[in-house]
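# A look at the structure
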Amino acid sequence: MDTSRVTSETVDLLSRITGQKLSQRDITPQVLFLASLVTLLLGVMLVDGTVSEEEKQRLQKILSRFSQSNSDIQKLTNLMIKGVKENQTYKKIQDLLKLTSPLSESEKILLIGFGYEMSAADGEIDLREKQYLEIVAKNLGVKSQHLSIFEIAFTQEGNIEANALNELHFLLDSSRFQELDTVFVKAASDMLAILPAKPEIKTTQKHTTLSYDELKKFQVYRQELDNYCNLVSQIIHECKDHSFLPSTLIDDITEVYNKIKNQRFRLAVIGEFSQGKSTLLNALLGEEIQPAREIPCSGTITILKHGSNKRVICRYKNGQEEEISLEDYHLKATISEEAAIECLGDELAHSEIEEIIFEHPDLNLCSSGVEIIDSPGLNEHPDRTLITHKILQNTDAAIFLTNVSRSLTQGERELLQDLRTKLNYGKENEPANNLFVVGNFMDLVRTEKGREQVKQRIERFVSGQNPIVIGENRVHFISAQAALDAMLQGIEDEYLQSFQNFTQSLERFLTLESGKVKIHQSVEQINRVINKSLNSLSQSEQTLEGKIEISEAQKLEILEKIGEASARDVRIRVLVSSVIDEVYEKASESYDEWRAELGDRIAEKSAYWVSEHNPVLSQDKLIRDYTNQFIADLSQEIDEWGTKILRDIIIKEGIEYLDSNIAYELDAIQADFQRLDQQIQTNFSQQMKLSIGGISDDFMGLGGIGGGVGVGGALAVGLIAFTGLGFIAIVVAAIAATIASSFGFGLLDFDGLSTQIKQKVYDIGFEKFEESVEKISEKLDEIINTVFNSRIEGSSRVIAEAISLYENLIEQQEKAHQENLEQREIEKAFIKQKRQELEQVQKELQTIINKSTTL
């Protein structure tokens with residue numbers, strides 16, 4: 001709908017019809033469509049001079065699809081009915097043309113369809129009613145062939161023209177009505193259900209299956225790494241049994257093995273409601289797994305993954321989980337139709353489900369090592385910040401889906417920018433390499449010119465002056481449903497080809513870019529354990545050869561060093577506890593100072609809250625808009641404090657102080673090793689370097705605090721979630737109740753009412769925010785403890801390895817003294833063999849690196 005075509009004459013006409021003094025901004029697409037619909041339906045009812053009881057009931061039935069009982073829209077509709085009758089607008093074709101001028105071709109078709117439904121209310125289509133509809137349709141530019149299809153649909157008489165039927169199905173596709181509202185999407189879907197079905201295309205072709213050969217190749221490499229990890233583990237265990245390697249190496253290789261074994265590509269699918277996410281997933285999988293319908297469908301995070309058996313696991317927010325049937329999965333994974341049409345946020349907010357895991361043995365993409373995270377629509381989700389944070393954790397790539405039949409909404413543009421920042425670990429204005437932007441419903445854009453305009457419009461925003469994405473082939477244009485149909489029918493067409501181009505680009509990224517990194521990291525981790533093992537084996541061999549010997553005094557000194565190392569670990573733990581307390585105290589003081597001025601800052605920002613919705617005609621949407629802007633401003637304030645104050649000053653100072661003390665303690669151990677190396681020709685200091693290098697890689701850098709969204713972002717997630725109920729839904733319900741009891745419907749000061757609603761959003765928003773003090777304290781404590789305790793884990797591991805090296809040396813010395821020359825020679829041969837086996841593994845690992853470059 002092109003609201004730019006609304007003229008001052010249209011505004012005056014609607015003001016007369018409703019009895020309200022309307023302005024240009026009050027004329028929303030919903031208001032225009034409803035006014036046109038009321039005018040047309042009354043015209044059909046009254047043209048024959050009589051109104052039957054069936055027609056009265058049908059009028060109420062049709063109009064009730066667009067509003068809840070006693071809602072603002074219903075009150076507005078009643079005013080329209082009264083005004084259209086009094087002004088006899090239905091008799092004035094020019095007035096009807098003013099109302100319908102902004103409507104798209106599809107919207108005009110839907111309008112006429114409802115006209116025929118009204119005409120058939122009493123069982124037959126009256127000639128005068130039919131003529132009235134034909135006159136209106138001609139003036140609206142609706143083809144006569146389309147009228148014939150409607151007549152046949154409602155009378156069940158006549159011969160169907162296949163081309164006209166296909167055109168009508170195309171024009172009434174529900175995705176064309178999403179810019180209006182969910183109720184209009186449902187109305188178009190219901191109208192399609194009344195029409196005769198399109199003739200099925202019969203085919204004898206086999207089901208087309210998408211192949212993911214490159215991903216399967218990567219899985220072969222991952223399995224090889226898995227096997228080599230097992231081999232290294234076996235060698236380490238054998239050497240440990242002979243007292244040639246410290247026990248900590250078993251923990252090291254087990255940790256690496258578990259990382260590789262659980263290694264998967266995580267692919268997130270994100271977008272607003274009704275963009276075709278479920279259909280896209282079905283197309284990627286080549287099977288209709290995810291429930292799909294025209295109105296909002298997915299209501300929770302769903303993870304699709306490979307499993308030995310087909311099963312569904314439902315995990316709840318209280319920590320419990322249960323296995324459920326496939327039928328229950330379709331119920332639990334979707335939003336009820338009533339909630340999708342009426343109050344979406346409430347049902348989403350009160351959902352007790354954390355996530356649903358769907359395991360399947362035969363899904364080609366999942367069996368190729370990909371886990372798919374299907375997100376609920378995020379445009380109306382009350383926990384949008386929490387959801388995006390959760391699904392983007394450890395994500396290799398994200399697919400953002402949009403509807404090409406309309407421009408990117410402001411919400412979509414903001415979501416894309418948010419995704420770019422989160423995928424870049426909090427770095428703003430840097431394009432994301434692992435984000436794919438996909439335009440869906442290309443089959444609804446029939447002309448070549450229209451397709452080019454669609455592509456230019458999306459690419460201009462995504463790849464323009466401030467690009468959202470970077471990298472080759474990150475923007476694609478598809479029709480998920482048409483591609484899925486082609487697969488299931490076993491036919492090749494342009495839609496399947498476009499979809500295959502998209503999947504190939506995705507596969508190339510996962511294997512050539514993300515996959516290479518995974519392989520290199522895994523090889524590096526295995527090699528680190530191997531190098532530590534080789535160093536220890538070399539030392540063991542030297543001990544057997546008598547090149548390393550310790551005196552009783554040196555043994556006592558080593559035992560003393562073990563005690564000192566343990567004491568250093570205790571000192572670090574005590575220091576960390578002290579630093580945590582100090583940082584928490586500083587953070588709390590800073591938070592209190594920040595919160596004292598927060599109200600004034602949000603009040604200043606509220607002056608810039610805007611909404612296209614009328615405070616009377618679309619009050620619930622206006623409230624939701626203001627609430628979203630309140631939360632956005634609050635999140636920004638929290639993020640700025642969390643990043644600029646908490647992270648960059650308070651936590652940074654604490655980390656720098658703690659790290660310098662940890663470095664001092666580890667340097668002291670390293671110095672002891674160096675002295676020992678000089679005295680008895682060991683290589684402990686080299687092994688110590690490998691251990692410290694390992695924890696340096698694992699330590700959380702300041703840029704990574706908060707899991708990719710920064711400390712501020714993590715804190716904002718905790719605050720916005722509050723008690724687990726959706727914040728938006730709580731505020732909307734509270735405000736709506738207050739407003740409903742405070743204001744009536746009639747001649748109102750729209751701007752004055754809008755200001756009052758804005759103030760109420762502010763008041764209730766802060767009331768809910770202040771109730772979250774305990775939650776804030778918990779989140780602060782969680783963030784600070786996570787950051788600083790990671791330091792304890794790393795340093796403790798290094799100290800444990802140091803102690804293990806000392807103990808292993810003593811054990812080797814005692815064993816060497818008890819063995820005779822023949823036994824020592826056997827042991828030396830064993831060490832040589834194991835060293836050769838480890839060196840051979842390193843060569844094989846290098847071969848995998850070389851092969852992976854040709855993926």
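Scroll up to find the structure.
Residues numbered from 1 in each chain as written. Predicted model: local features only at pLDDT ≥ 70, side-chain atom pairs only at ≥ 80, totals over all residues. Heavy atoms only, no water.

In contact at an axis separation of 11 Å, helix H5 (residues 93-100) and helix H7 (residues 127-140) are set at 50° when each is read in the N-to-C sense. By the angle between their axes, H5 is oblique relative to H7. Relative to H7, H5 is oriented so that their crossing is right-handed. Contacts between H5 and H7 involve Ile93, Leu96, Leu97 and Thr100 from the former and Val136, Asn139 and Leu140 from the latter. Residue composition of the contact of H5 with H7, by class: five nonpolar, two polar and no charged. (Axes fitted to C-alpha atoms, helices over the stretch in contact; angles between N-to-C directions. Helix = DSSP H or I, 4+ residues; strand = E, 2+ residues; numbered from the N terminus. Parallel < 35°, antiparallel > 145°, perpendicular 65-115°, else oblique. Left-handed = near helix turned anticlockwise from the far one by under 90°. Contact = heavy atoms within 4.5 Å. Nonpolar A, V, L, I, M, F, W, Y, C, P; charged D, E, K, R; others polar.)

Attention now goes to the pairing of strand S8 (residues 435-440). Of all the six residues making up S8, six are buried; the element is thus mostly covered by neighbouring parts of the structure. Both faces of S8 are covered, namely the face carrying Leu435, Val437 and Gly439 and the face carrying Phe436, Val438 and Asn440. As defined by bridge partners, strand S7 (residues 397-403) adjoins S8 across six bridges and the pair is classed as parallel. When the sheet's bridge partners are listed, Leu401 is paired in S8 with Val438. Sheet analysis places S8 next to strand S9 (residues 475-477), joined by three bridges and oriented parallel. Paired with Val438 across the strands is His476, a residue of S9. Crossover handedness for the path S8 to helix H20 (residues 448-462) to S9: right-handed. (Buried < 20%, exposed > 50% of the residue type's maximum accessible area, 1.4 Å probe, protein only. Pairing = 2+ DSSP bridges. Right-handed = clockwise from strand over helix to strand, strands pointing away.)

Here Ser804 shows up in helix H29 (residues 773-818). A relative accessible area of 7% places Ser804 in the buried class. What Ser804 contacts, discounting residues up to four positions off in sequence, is Pro246, Ser247 and Thr248.

A few words on the environment of Leu165. As for its placement among the helices and strands, Leu165 is situated in helix H9 (residues 162-171). According to the relative accessible area criterion, Leu165 is buried, its value standing at 3%.

This brings us to unusual backbone geometry. For residues that are not glycine, phi is negative in most cases, and the peptide bond is trans in most cases. Even without glycine at this site, Ser243 takes up a positive phi of about 65°. Note that Ser243 resides in the loop between helix H11 (213-241) and helix H12 (248-261). Note on Ser243: relative accessible area 10%, which makes it buried. At Asn473, a residue that is not glycine, the phi angle is positive and equals roughly 55°. As for its placement among the helices and strands, Asn473 is situated in the loop between H20 and S9. The class for Asn473 is partly exposed, based on a relative accessible area of 41%.

Turning our attention to the sheet that holds strand S6 (residues 370-374). Strand order across the open sheet formed by nine strands is S4-S3-S5-S2-S6-S1-S7-S8-S9, with mixed pairing between neighbours. Only two strands of the sheet have a single neighbouring strand rather than two, namely strand S4 (321-324) and S9. Along the sheet, successive strands turn relative to each other by an average axial angle of 20°, direction set aside. The sheet contacts of H20 involve S7, S8 and S9, and relative to S9 the element is tilted by about 160°.

Before going further, it helps to spend a moment on the packing of helix H22 (residues 494-544) against H29. Two elements in contact, H22 and H29, have axes whose closest approach is 10 Å; the angle formed by their N-to-C orientations is 30°. The pairing of H22 with H29 is recorded here as roughly parallel in orientation. You can see that H22 and H29 cross each other, and the crossing is right-handed. Residues Lys532, Ser536, Gln539, Ser540 and Thr543 of H22 lie in contact with H29, whose contacting residues are Glu801, Leu805, Leu809, Gln812, Gln813 and Ala816. Residues of the contact of H22 with H29, tallied by class, amount to three nonpolar, six polar and two charged.

This part covers helix H30 (residues 821-852). Over its 32 residues, H30 extends 47 Å from the first C-alpha to the last, a length consistent with the 46 Å expected when each residue adds 1.5 Å. Those residues of H30 lying buried are Glu827, Lys828, Phe830, Ile831, Lys834, Arg835, Leu838, Val841, Leu845, Ile848, Ile849 and Ser852. Buried residues along H30 sit in contact with H11, H22 and H29. For H30, the N-terminal capping position is held by Asn820, with its side-chain oxygen 3.2 Å away from the main-chain nitrogen of Glu822. (Expected span 1.5 Å × (residues − 1). Polar contact = N/O pair within 3.5 Å; in protein donor to acceptor, adjacent residues only side chain to side chain.)

Moving on to the pairing of S4. Looking down a regular strand, the side chains alternate between one sheet face and the other. Bridge count between strand S3 (residues 311-316) and S4: four bridges; the pairing is antiparallel. Across the sheet, Val312 pairs through a bridge with Ile324, a residue of S4. Linking S3 to S4, which pair antiparallel, is a turn of four residues; within it Gly319 sits at a positive phi near 95°.

Among the structural elements, Gln500 can be located in helix H22. Judged by its relative accessible area of 16%, Gln500 is buried. As for Gln500 and Ile478, which are separated by 22 residues in sequence, their C-alpha atoms are 9.4 Å apart. Sequence-distant contacts of Gln500, defined by excluding residues within four places in its chain, comprise Leu210 and Glu492.

Moving on, we get to H22. With 51 residues, H22 should reach 75 Å at 1.5 Å per residue; the first-to-last C-alpha distance of 72 Å fits that figure. For H22, the principal kink sits at Gly515 and spans about 45°. Of the residues flanking the start of H22, the one acting as N-cap is Asp493, its side-chain oxygen 3.1 Å from the backbone nitrogen of Tyr495. Of the residues flanking the end of H22, it is Gly546, one or two places downstream, whose phi is positive at about 80°. (Bend = angle between axes of the 7 residues up to and from the residue.)

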